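# Topology and contacts: notes
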Amino acid sequence: MAAQLQATRTHGIDKNVWTELVQLVSQYQPVNLGQGFPDFAPPQFIQDAFCEALKGGPMMHQYTRGFGHPRLVESLARFFSRVVGHQIDPWEEVLVTVGAYQALFTACHALVVIIEPYFDCYQPMVQMAGGRAVFVPLRPKAGGGAVRSSGDWVLSAEELSSSFTPRTKAIIINTPNNPLGKVYKPEELQLVADLCVRHDVVCISDEVYEWLTYDGAQHLKIASLPGMWDRTITIGSAGKTFSATGWKVGWAIGPQRIMKHLRTIHQNVVFHCATAAQEAVARGFERELQLLGTPESYFQQLPAMLHPKRQKLASCLEGVGLQPVMPEGGFFMMADISSVELESSEQSAEDQPTDFRVVRWLIREKGLAAIPVSAFYGPEHSKEFDKYIRFCFIKEDSTLDSAADILKRWSHERSNRP
Ligand code: IK2
């Protein structure tokens with residue numbers, strides 16, 4: 001009977017990496033470099049904005065405009081018009097969603113090409129929409145020796161072009177990428193843009209980490225390339241932008257001819273997002289518009305704050321023989337676990353991917369949480385990439401120090417093993 005209740009479109013997607021690992025984390029209480037959220041408070045100005053919104057009168061506690069609170073769509077349009085170089089219409093070209101997650105869901109209703117590694121919800125969302133995902137992996141450059149930077153992971157132009165067919169409706173890209181940290185270069189985005197134009201395909205560009213780039217890497221919006229505004233849905237997240245993941249405010253921005261379809265899905269799925277949180281995010285963007293490009297801007301302060309944390313985690317991983325892939329953006333770092341030999345119970349589960357076994361074992365036996373990277377690949381390529389695990393570094397220094405202590409002790413035990 002229960003099986004009869006399951007719609008075909010939800011087959012095989014009832015579990016994901018988060019359901020298992022969040023449960024393990026709550027059971028074992030490890031030092032948590034797993035899920036991507038800060039373990040510190042959002043900046044004071046955005047906390048104040050939320051408190052002021054809550055005290056802003058009765059209407060702050062009631063429904064607001066379904067496609068986005070007026071003050072927020074206006075401030076998003078004003079802010080991103082400046083960044084993308086196109087005059088954005090707040091009423092027709094902006095949709096506020098329950099996090100970037102729901103923006104992705106409303107956008108994923110088609111046959112979609114997905115570049116791997118990808119934020120793991122893309123494929124189930126495409127499946128639920130009755131579409132089919134076709135995967136194209138980023139791979140470390142051939143013959144490059146030890147791969148040290150996410151910039152050394154590249155797409156094959158031939159593989160990408162041959163994944164487009166007359167039935168292809170959309171491609172999803174994510175820059176800066178989760179979990180790799182790759183920030184796409186202009187020529188890489190141009191390759192994607194040319195294919196989109198040639199095949200009349202929509203580009204869904206997940207840019208939730210757009211402000212987080214390091215060492216001179218520059219985030220470029222694919223919507224700003226010639227011919228691309230009219231075929232791009234750009235997705236963002238206040239959770240990542242203002243370090244407030246629990247607020248779940250996200251948005252999709254794109255041309256009216258595409259946004260009208262996202263609005264239809266939105267109005268029939270969630271209809272409306274929390275008013276006070278939207279008001280607070282609007283105030284945050286109004287502040288940032290004033291400060292854009294100055295050292296007081298949170299969009300400069302956050303990457304500056306994360307840069308030393310990224311260095312700290314990289315040198316710790318290197319020190320214990322887990323070669324990190326240095327991210328050019330975002331707040332995750334992948335590390336190569338090829339040198340790890342598993343012990344005891346996890347060795348017996350050999351039918352399971354190596355990275356999952358290592359992560360479960362790290363949580364249970366060592367008290368440290370990370371995320372297996374094969375979860376960010378489709379079934380065809382996941383085996384090829386199960387030698388990496390992902391660490392999150394948007395954490396207090398004390399959390400990173402505790403993780404470093406665990407890794408050092410573990411490395412010591414490994415080197416003393418007979
Ligand atoms: N898109 C990407 C690329 C994301 O990374 C996320 C959030 N993921 O963070 C969890 C993790 O990887 O540990 C989202 C979209 C969703 O953003 P939001 O929280 O605004 O829904």
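Keep in mind that this is a model prediction, so the values were computed, not measured.

## Looking at the sheet that holds strand S12 (residues 332–336)
Pairing is antiparallel in the open sheet, where four strands are placed in the order S11-S12-S15-S14. The sheet is open, and its two edges are formed by strand S11 (324–325) and strand S14 (371–372), each paired on a single side. Pairing geometry for S12 and strand S15 (residues 388–392), over five bridges, is antiparallel. If you follow Ala335 over to S15, its bridge partner there is Ile389. On top of the sheet, helix H12 (residues 298–319) reaches S11, S12 and S15; it is set at about 10 degrees to S12, its chief contact.

## Some details on the pairing of strand S9 (residues 232–237)
Here S9 lies mainly inside the structure; six of its six residues are buried. Here S9 shows a buried face lined by Thr232, Thr234 and Gly236 and a second buried face lined by Ile233, Ile235 and Ser237. Inspection of the sheet shows strand S8 (residues 202–206) paired to S9 by four bridges, in the parallel sense. In the strand pairing of S9, Asp206 is matched with Ile235. As defined by bridge partners, S9 adjoins strand S10 (residues 249–253) across four bridges and the pair is classed as antiparallel. The residue bridging Thr234 from the neighbouring strand is Ile253, located in S10.

## Structural notes on the packing of aromatic side chains
A full pass over the atoms with the stated rule returns 27 aromatic pairs. Both rings, one in Phe119 and one in Tyr122, keep their centres 6.3 Å apart while their planes meet at 80 degrees; by these two values the pair is edge-to-face. The same class applies to Phe119 as to Tyr122, namely buried. Ring plane angle 80 degrees and centroid distance 5.0 Å describe the contact between Tyr209 and Phe331, whose orientation is recorded as edge-to-face. In this pair, Tyr209 is assigned in the loop between S8 and S9 and Phe331 in the loop between S11 and S12, connecting sequence segments 122 residues apart. Following the ring pairs from residue to residue traces out a cluster consisting of Phe45, Phe79, Phe80, Trp211, Phe242, Trp251, Phe285, Tyr298 and Phe299. When the ring centre of Phe45 is taken as origin, the NZ or CZ atom of Arg287, which lies over that ring, is 3.7 Å away. Above the ring of Phe37, the side-chain terminus of Lys395 is found at 3.8 Å from the ring centroid.

## So, the packing of helix H2 (residues 17–28) against helix H14 (residues 354–366)
Two elements in contact, H2 and H14, have axes whose closest approach is 9 Å; the angle formed by their N-to-C orientations is 20 degrees. When the interaxial angle is binned, H2 and H14 end up roughly parallel. For H2 against H14, the interelement crossing comes out right-handed. Here Val17, Glu20, Leu21, Leu24, Val25 and Tyr28 of H2 lie close against H14, whose contacting residues are Phe356, Val359, Arg360, Ile363 and Arg364. Class assignment for the residues of the contact of H2 with H14 results in eight nonpolar, no polar and three charged.

## Some words on the environment of Val17
Inspection of the secondary structure puts Val17 in helix H2. Take Val17: its relative accessible area is 5%, and that puts it in the buried class. C-alpha of Val17 to C-alpha of Ile371: the two residues are 354 residues apart in sequence and 7.9 Å apart in space. Ignoring sequence-local partners within four residues, the contact set of Val17 consists of Asp120, Phe356, Ile371, Pro372 and Ala375.

## Some words on the side chain of Asn178
Its location among the elements puts Asn178 in the loop between strand S7 (170–174) and helix H8 (186–199). By relative accessible area, which is 3% here, Asn178 ends up buried. Within polar-contact distance, the side chain of Asn178 engages the side chain of Arg390 at 2.8 Å. Ignoring anything within four residues of it in the chain, the contact list for Asn178 reads Pro117, Tyr118, Phe119, Tyr209, Phe332, Phe376 and Arg390.

## Structural notes on the site of the ligand
Not every one of the 18 residues close to the ligand is listed here, only the nearest: Gly36, Asp206, Tyr209, Ser237 and Lys248. Take Asn178: an N or O atom from its side chain is 2.8 Å from an oxygen atom of the ligand. Contacts to the ligand include Asp206, whose side-chain N or O atom sits 2.6 Å from a nitrogen atom. Bound to the protein, the ligand loses 94% of the 500 Å² it would expose on its own. Examining the composition of the shell around the ligand, we find that four residues originate from one element, helix H5 (residues 99–107), more than from any other. Residues belonging to the shell around the ligand are distributed by class as follows: eight nonpolar, six polar and four charged. Each of domain 1 (2–41 + 298–415) and domain 2 (44–291) contributes no fewer than three residues to the shell around the ligand.

## A few points about the domain arrangement of the protein
Annotation of the protein at the domain level lists domain 1 (2–41 + 298–415) and domain 2 (44–291). Taken over C-alpha atoms, the centre of domain 1 sits 24 Å from the centre of domain 2. Tallying the contact residues gives 44 residues for domain 1 and 46 residues for domain 2. For the pair domain 1 and domain 2, the summed buried area comes to about 3800 Å², and 57% of that belongs to carbon and sulfur atoms. For the interface between domain 1 and domain 2, the tally reads three salt bridges. With its nearest N and O atoms 2.8 Å apart, the salt bridge here joins Glu384 to Arg139. For the pair domain 1 and domain 2, the number of links is 24 residue pairs in polar contact (both at pLDDT 80 or more). For the side of domain 1 that touches domain 2, the secondary-structure elements that each account for two or more residues are H2, H12, S11, S12 and S15. Ranked by residues supplied to the side of domain 1 that touches domain 2, first place goes to H12 with eight residues. Class assignment of the residues belonging to the side of domain 1 that touches domain 2 gives a composition of 27 nonpolar, eleven polar and six charged.

So, how was this worked out
- Residues numbered from 1 in each chain as written.
- Predicted model: local features only at pLDDT ≥ 70, side-chain atom pairs only at ≥ 80, totals over all residues.
- Heavy atoms only, no water.
- Pairing = 2+ DSSP bridges.
- Helix = DSSP H or I, 4+ residues; strand = E, 2+ residues; numbered from the N terminus.
- Contact = heavy atoms within 4.5 Å.
- Axes fitted to C-alpha atoms, helices over the stretch in contact; angles between N-to-C directions.
- Buried < 20%, exposed > 50% of the residue type's maximum accessible area, 1.4 Å probe, protein only.
- Phe/Tyr/Trp six-rings, centres within 6.5 Å; stacked < 30°, edge-to-face > 60°.
- Lys NZ or Arg CZ within 6 Å of the ring centre and 35° of its normal.
- Parallel < 35°, antiparallel > 145°, perpendicular 65-115°, else oblique.
- Left-handed = near helix turned anticlockwise from the far one by under 90°.
- Nonpolar A, V, L, I, M, F, W, Y, C, P; charged D, E, K, R; others polar.
- Polar contact = N/O pair within 3.5 Å; in protein donor to acceptor, adjacent residues only side chain to side chain.
- Near = heavy atom within 4 Å.
- Areas by Shrake-Rupley, 256 points an atom, 1.4 Å probe, with all protein chains shown as cover.
- Domains from an automatic or database assignment.
- Buried area = accessible area lost by both parts, 1.4 Å probe.
- Salt bridge = Lys/Arg side-chain N within 4 Å of Asp/Glu carboxyl O.

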